[in-house]
Amino acid sequence: MDRHELKRMFDGLTPAPERERELLRQLLQDNARRNGPMKKWKLTVMAVAAAALLVTAAAAAAVLPWIDQRMLGQLDVDSENSQAVAEAVDLLYPGAVALDIVREDNGATLHVTQILRDRYQVMILADFTAPEGTQLYLGEPDPPGISNAKGFLNGAAYAAEFLDGAGKPLGRDGMVGFYCWDVLEDDDPMDNHLSLIFTLAPQQGEDGVWDAAALRVPAVNMGYWDREQEKMVSAYPGDWSFDVPLPQKDIGWVVQVEQVLGELDGAEITTRGELYLSPITLKFDHLRDAGVEFLGDTAQEQERAASRWYSLAKAEGVALTGPDGTEVGVGYGNGSGGFGEGWWRDVFQLKQVTDPARLQGGTLTLDWACGKTVISLDGLAPVEP
């Protein structure tokens, strides 16, 4: 880190003038209740104490890891369990960056505060505040098991894009396969404030985007899907899109695998290549040796065979087990495949933030329609810097 980067870092840690005045006011407020004026030497001592407090706060911010509690909540970390929180922060903070990006439009403000990234997932936390008196109503709560669109509606004209160091889109490798804005739980859904989280997965797990320097994030027109009207409803129009720098530390572990998983409709299914495991993500590929030529006497039979192939990967049939027998479940991810090539990239989110080191020497069990297979995780090791 050169001196310019170091200066920028500490500039970001330095409290704003308003915060400096507040800290000093707190130190001096007890004296304000006294009848007599404070002696000059006491004022000097208090001023020195305030300065020391500011320096200490900045130094602490420079060394203490921090992940916003709301982001941890999205990863099912129990906020009441201090040990679980501390372990999750320790695992995730190398892949996280605190942000202070502010965008204003139509009287409202979007404040972007943190980003977390591994190779196959990006999460961004932000707060949206409209003018006082505004009610940011985004429809009735969703029924259990249903998640309707709420947040920035964007639209076909606005796309998330990975950018190079010059701020230019990376082209096809800079596209994304899935992204969305979600509104976090709100104690007062009729006030003028919302907390949101942006989630993104690279297109078909494109590896090339790891070298991207930044991400262009669309944030256009706050709204929601109205179930009764069956259409998108705009709640607050505007454009708060922004570019965000991407963390460059890969928090994942990898191991090379090659193993037959079984047969499906007469075709051999194999997992081959790099298996990637971070504290929040599991990724591997499975392939169909016959490509996408599906056998069947009729078009309907061929379509059913194709459907079985494209729906083969099931999260409920995936289990990670450490050498001590500890099991880690996975939830639905954002897998995608080469529809004309007979391969599929499986990306699942771990149900709990987990240290990959705990799974080194363990196993990955796949119990899918093609058969049940146990894959060794011997050799699992951190990604080389």
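Residues numbered from 1 in each chain as written. Predicted model: local features only at pLDDT ≥ 70, side-chain atom pairs only at ≥ 80, totals over all residues. Heavy atoms only, no water.

Here the focus is the environment of Asp346. Mapped onto the fold, Asp346 is located in strand β18 (residues 343-350). Through-space distance from the C-alpha of Asp346 to that of Asp285 is 5.7 Å; in sequence the pair is 61 residues apart. Side chain to side chain, Asp346 and His286 meet in a polar contact 2.7 Å long. (Helix = DSSP H or I, 4+ residues; strand = E, 2+ residues; numbered from the N terminus. Polar contact = N/O pair within 3.5 Å; in protein donor to acceptor, adjacent residues only side chain to side chain.)

Sheet architecture is open: 3 strands sit in the order β4-β9-β10, paired in antiparallel fashion. Unpaired on one side and paired on the other, β4 (150-152) and β10 (231-239) mark the two borders of the sheet. Direction aside, the axes of adjacent strands within the sheet are offset by 20 degrees on average. Relative to β10, strand β9 (residues 220-226) is paired through 6 bridges, and the arrangement is antiparallel. Looking at β10, one finds that Gly223 is bridged to Ser234. (Pairing = 2+ DSSP bridges. Axes fitted to C-alpha atoms, helices over the stretch in contact; angles between N-to-C directions.)

At Asp76, a residue that is not glycine, the phi angle is positive and equals roughly 60 degrees. You can see Asp76 is positioned in the loop between α4 (69-74) and α5 (82-92). Here Asp76 falls in the exposed class, since its relative accessible area comes to 59%. We note that Asp265 has phi near 55 degrees; this positive angle belongs to a residue other than glycine. Assignment of secondary structure puts Asp265 in the loop between β12 (253-264) and β13 (267-277). (Buried < 20%, exposed > 50% of the residue type's maximum accessible area, 1.4 Å probe, protein only.)

This part takes up the packing of aromatic side chains. Evaluated as defined, the whole model comprises 15 aromatic pairs. Ring geometry for Phe152 against Trp181: centres 5.1 Å apart, planes inclined by 75 degrees, an arrangement best described as edge-to-face. Highlighted residues: Phe152 in strand β4 and Trp181 in strand β6 (residues 176-183), separated in sequence by 29 residues. As far as burial versus exposure is concerned, Phe152 and Trp181 are alike and both buried. Ring geometry for Tyr236 versus Trp240: centroids 6.2 Å apart, planes at 45 degrees, classification tilted. This pair shows no difference in class: Tyr236 is buried, exactly as Trp240 is. (Phe/Tyr/Trp six-rings, centres within 6.5 Å; stacked < 30°, edge-to-face > 60°.)

Nonpolar side chains in soluble globular proteins generally cluster together in the buried interior. Counting 34 residues, the largest nonpolar core has Ile124, Phe128 and Leu215 as its most contacted members. Looking at this core, the elements that each hand over two or more residues are β1 (96-105), β2 (108-118), β3 (121-129), β7 (193-202), β8 (214-217), β9, β10 and β11 (242-245). Contacts of Leu215, omitting those with residues within four sequence positions, involve Val122, Ile124, Glu161, Phe162, Leu163, Phe198, Leu200, Phe242, Asp243, Val244 and Leu246. (Core = buried A, V, L, I, M, F, W, Y, C linked by side-chain atoms within 4.5 Å. Contact = heavy atoms within 4.5 Å.)

This brings us to the confidence of the model for the protein chain. Per-chain confidence: the protein chain averages 82 in pLDDT, with 78% of residues scoring 70 or above. Low pLDDT, under 50, characterises residues 1-64; the predicted model gives this stretch 22 contacts beyond four residues in sequence or across chains. (pLDDT = per-residue confidence, 0-100.)

Glancing now at helix α6 (residues 299-310). Under the 1.5 Å per step criterion, the end-to-end length of α6 is 16 Å for 12 residues, consistent within 8% with the ideal 16 Å. Restricting attention to buried positions, one finds in α6 the residues Ala305, Ala306 and Trp309. Seen end-on, α6 carries its buried residues on one side only, within an arc spanning 100 degrees. For α6, the elements touching its buried residues are β12, β13, β14 (281-288) and β18. (Expected span 1.5 Å × (residues − 1). Arc of directions from axis to C-beta.)

Right, let's talk about the pairing of strand β19 (residues 363-368) for a bit. With 4 bridges joining them, strand β15 (residues 318-321) and β19 adopt antiparallel strand pairing. Of the residues in β19, the one forming a bridge with Thr321 is Thr363. Here β19 runs beside strand β20 (residues 371-376); their pairing, made up of 6 bridges, is antiparallel. Considered in β20, the bridge of Leu366 is made with Thr373. The antiparallel pairing of β19 with β20 creates a hairpin that spans 2 residues between the two strands.

Strand order in the open sheet formed by 3 strands is β5-β8-β11, with antiparallel pairing between adjacent strands. Bordering the open sheet on either side are β5 (161-163) and β11, each of which pairs with just one other strand. Neighbouring strand axes in the sheet, compared pairwise and without regard to direction, differ in orientation by 30 degrees on average. Relative to β11, β8 runs antiparallel, the two being bridged by 4 bridges. Looking at β11, one finds that Val217 is bridged to Phe242.

Tracing the chain through its elements places Val255 in strand β12. Residues contacting Val255, with those up to four places away along its chain left out, are Gly273, Glu274, Leu275, Leu377, Asp378, Gly379 and Leu380.

The next point concerns the pattern of salt bridges. Here the structure, examined in full by the defined rule, presents 8 salt bridges. Across the pair Glu274 and Arg119 runs a salt bridge, and its minimum N-O distance is 2.6 Å. Placement of the pair is Glu274 in strand β13 and Arg119 in the loop between β2 and β3, with a sequence separation of 155 residues. Linked by salt bridges that have partners in common, Asp68, Arg70 and Asp127 make up one network. (Salt bridge = Lys/Arg side-chain N within 4 Å of Asp/Glu carboxyl O.)

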